[in-house]
Amino acid sequence: MYSFGRLPLSDVSNNTVSSYNVSDVDDYNSYLRDLLRKMLEEYEKRRELNGSENGEDGSSALKVESVDFLPRDNALKHNTQMYELVEGPKPVLILRRGLSFTVTILFNRDYDPKKHTLKLEMSCGSNPQISKGTLVVIPITNNDSYKEDKTKWDVRLQSHDGSNITLQVHVPSSVGVGIWKMKVTSQLKSKDDEPVSSSETYECKENIYVLFNPWSKDDSVYMQDDKMRKEYVLNDVGKIYVGSFNYPQGRQWIFGQFKDSVLPACMFLLERSRLDYSSRTNPVKVARAVSAMVNSLNDNGVIIGRWHEPYDEGVAPWKWTGSAAILEKFMKNGGDPVKYGQCWVFAGVCNTVCRALGLPCRPVSNFVSAHDADATLTIDKLFNENGDQMSGGTNDSIWNFHVWNECWMARSDLPAGYGGWQIVDATPQETSEGIYQLGPASQLAVKRGEVGYRYDVPFVFAEVNADIVYWQKDRKAETGWKKMKTNTSHVGRLILTKKVGVDDDYGNRDAEDITYEYKNKEGTEEERMSVLNATNNDIVRHRFDRPVEKEDVSFELLESKKVMIGRPFDVTIKIKNLSSKPRTVSAILSASSVYYTGITAKMLKRKSDKFILQPKQEELLSIKLTSSEYLDKLVDYAMIKIYALATVMETQQSWSGEDDFVLDKPKLSLEVHGTPEVGRPFELVITFQNPLKRILEDCVFNIEGPGLAGPYHSKFRDIKPGETITHNEKLVPQQPGSKTIFVTFSSRQLIQLMGSKHIEVIPKSDPSHNETL
């Protein structure tokens, strides 16, 4: 027999048993049975109490424990896996319209469709309303298939395992782009299948980004060609063409639409634009708002424009290498505009915002681009009695080049056939509906001169096809001005964009000439018909009347050859008397440095002459400029404007001509030393030769490449006259695949040197394999 003595016990169900006397095993077993009974009674009481509070007895609604949006899995289906937000430490759900996404929900206990009613609430904006489409309530049923109506939100039950359910949620192709939120609401069914009053709502904290979908036939931005989608939606590096129509130069631009800071910035811009929800469903309205929000005027947008030095209070436009740094600075500034931009900077950022939102977009460069300030569809050039161009008197101008964007979309607001590429311009030139914005203007409407179609077709038509009217001060004329000449073929000389799927680091093999998508060939009947169609009103028609005069002397302004900066160059007019009689010719030839907007900076040289040409005689009039005559007078992009003016005394024939060219600059040569591999440094070697007989001071390299580096600045020492320098940079790739590195160089004496290189980055290798090697 065992003697266990006196055993202390604890409080059980508020019945305190301080001790229990046992003298043998039977007494102890009795004691244990009594103790176990009391503990079980206490457990059941507490379970009933907790169950009534937590609904575990089935008497209340389900509670959501967690919601998993499976952002990485959904991104693969929605073609959004490139966004850095998807791959970050807290992955974000980024969707495209017209597709479904998968979401899993875990409840606090088993879900029973016979007992529980579930619904999703999708909302957009600060004050969501069912009547405006910004609040959508979607019942969750036990159905494993969607309804037939794809124009509405829908949900189907993909799987159900106890307390865990997986749903497929269909997003309509007409939903508004922006940030959406989701709630899950649970209610308990009563015996008659009606919901009881008690309910539980779980509000998901995560943002859901909804974008346009060029992959969906039901979306109004649908683009059928996969190669075009890769170029105009997914490509985060591209080219913007600058320079002159004779020698265009492709400038790399890092769009960076997948950087983690870009998509939030785009959503902020949509909010600041005050687009209502219905407008956000329509790419026409979204693109128009983007054109307004990228520039700072009217609405405190992203970039402040500045077209001449100084740029001391900000960043000179030519120092930017991409859009992401601009948008990031804009957000860090609390939404204050960034200094400074010019047309290709506006176009680069506009392209980034559109592609980030899922809107197919490309930059387009128009060389010899007219700015028709008075809506006459002509550009007036005024000269004094001595033949010198006059400033003032007109706000019309001709830019050496101008860059805008084209967005791809249907145009249900226009007749059939006017969809496709639409011109959108974020550079502030003239107001439209009281705001500095432009487009979308149908490219086809521009080509046909259909200036009555919205938005802003007349302005774009003038940019590519305006006639230039030359006027000279004449005291004898009734109006005080003599119309000398109308040039019908100078504007819109060349229109370029980047070719699909082609990349050229050193040349323009990747440039696509789309001039004839904007206009018929100059001089053809079709081209003149489009001009007459556009000018079919009494206000502007008389400006297209050409003066009738006898023209028996030919004039030709010889095309300037490509000239390296620092070298001398010549400008020449060839004049020939085609008649059988002598002709007295007065001619003026001048060269000026100009801003790329066509505004004259400084006169470089001028020459006038008067001579008699015998029948069939030919004469040349030339001026020669040395580096000492022009280097100190150049501005920004080393652009030169040539003007020529001539009059034949016997016939009163007048002639004028003009030419633009850009002094050439050396390219940066980029070489890679080592094998670019994720997580391992490689060396980028940059080389160029100073073309000037001057020391280059305050030298800086600007470097950027998605998945590779930057953007960042690297200072360099002074560079001697004619010296060839080599600069090394160590870069560590963060992502595998085909990457592009873009480098620019600037100094006090020489700016805008550029170079780029495509680099293949291999995935990170196995460390054990490296050790073996």
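Because the structure is a prediction, the values reported are computed rather than measured.

Engineer: Tell me about the sheet that holds strand β10 (residues 154–161), residues and numbers included.
Structural biologist: Taken together, 4 strands build an open sheet; the order of strands is β5-β7-β11-β10 and the sheet is antiparallel. One side of each edge strand has no neighbouring strand; the edge strands of this open sheet are β5 (64–68) and β10. Strand-to-strand twist in this sheet, taken as the mean axis angle between neighbours without regard to direction, amounts to 25°. Direction of pairing for β10 relative to strand β11 (residues 164–170): antiparallel, over a ladder of 7 bridges. Residue pairing in the sheet places H160 in a bridge with I165 of β11. Against the sheet, helix α2 (residues 71–78) makes contact with β5, β7 (100–107) and β11, and its axis sits at roughly 165° relative to β7, the strand it touches most.

Engineer: Describe helix α4 (residues 226–234), with residues and values.
Structural biologist: Among all positions in α4, only M228, R229, E231, Y232 and V233 are buried. The inward-facing, buried residues of α4 abut β6 (93–96), α9 (343–356), β19 (361–371), β22 (420–424), β26 (494–498) and β27 (511–513). Its side-chain oxygen 2.8 Å from the backbone nitrogen of K227, D225 forms the N-cap of α4.

Engineer: Lay out the confidence of the model for the chain with the relevant residues and their values.
Structural biologist: Counting all residues, the mean pLDDT for the chain is 87, and 88% of those residues have values of 70 or more. Under a pLDDT of 50 for its full length, residues 48–55 has, in the predicted model, 8 contacts with residues more than four places off or in other chains. Predicted confidence is poor over residues 768–773, with pLDDT under 50, and the contacts of this stretch with residues over four places away or in other chains come to 2 contacts.

Engineer: Describe helix α7 (residues 283–293), and please don't skip the residues or the numbers.
Structural biologist: In terms of burial, α7 is a largely internal element, 10 of the 11 residues being buried. For α7, the set of buried residues is P283, V284, V286, A287, R288, A289, V290, S291, A292 and M293. Contacts from the buried residues of α7 go to α5 (262–272), α6 (277–280), α9, β21 (397–409) and β22. The opening residue of α7, the one whose side-chain oxygen lies 2.9 Å from the backbone nitrogen of V284, is N282.

Engineer: With reference to specific residues and values, describe the side chain of E463.
Structural biologist: Looking at where E463 falls in the secondary structure, it is placed in helix α11 (residues 457–465). No salt bridge forms around the buried E463; measuring N to O, its nearest opposite-charge neighbour K519 is 12 Å away. Sequence-distant contacts of E463, defined by excluding residues within four places in its chain, comprise N366, V368, S369, A370, H402, W404, D425, Q429, V491 and G492.

Engineer: Before we move on, could you go through the packing of aromatic side chains and cite the residues and values that matter?
Structural biologist: Inspection of the entire model under this criterion finds 26 aromatic pairs. Here F569 and Y630 contribute two aromatic rings whose centre-to-centre distance is 5.5 Å and whose plane-to-plane angle is 50°, an arrangement assigned as tilted. Placement of F569 in strand β29 (residues 569–577) and of Y630 in helix α15 (residues 627–630) is noted, with a sequence separation of 61 residues between them. With respect to class, F569 is no different from Y630; both count as buried.

Rules and cut-offs
Numbering of residues begins from 1 in every chain and follows the order in which that chain's sequence is written. Local features are withheld for residues below a pLDDT of 70 in this predicted model, meaning they are given only at 70 or higher, and side-chain atom pairs are given and counted only at 80 or more; totals for whole chains, interfaces and linings count all residues. As a rule here, side-chain values come from all non-hydrogen atoms in the structure, and water together with hydrogens is ignored. Pairing between two strands is assigned when DSSP locates at least 2 bridges connecting them. Think of it this way: any DSSP run of H or I at least four residues long counts as a helix, any run of E at least two long counts as a strand, and we number them from the N terminus. As a rule, the C-alpha atoms of each element are fitted with a line to give its axis, helices using only the stretch in contact, and angles between N-to-C directions run from 0 to 180 degrees. Contacts between residues were defined by any pair of non-hydrogen atoms, one from each residue, lying within 4.5 Å. The buried label goes to any residue with under 20% of its type's maximum accessible area, the exposed label to any with over 50%, and the partly exposed label to all in between, with areas taken from a 1.4 Å probe on protein chains only. Here a polar contact is recorded for every N or O atom pair within 3.5 Å, except that within protein the pair must consist of a potential hydrogen donor and a potential acceptor, and residues adjacent in sequence are included only if both atoms are side-chain atoms. Note on scores: pLDDT gives the predictor's confidence for each residue, bounded by 0 and 100. Counted as positive: Lys and Arg. Counted as negative: Asp and Glu, with His and the chain ends omitted from the count. The rule for a salt bridge is simple: a side-chain nitrogen of Lys or Arg has to be within 4 Å of a carboxyl oxygen of Asp or Glu. Only centres within 6.5 Å qualify two rings of Phe, Tyr or Trp (six-membered ring in Trp) as a pair; their planes then separate them into stacked at under 30 degrees, edge-to-face at over 60, and tilted for everything else.

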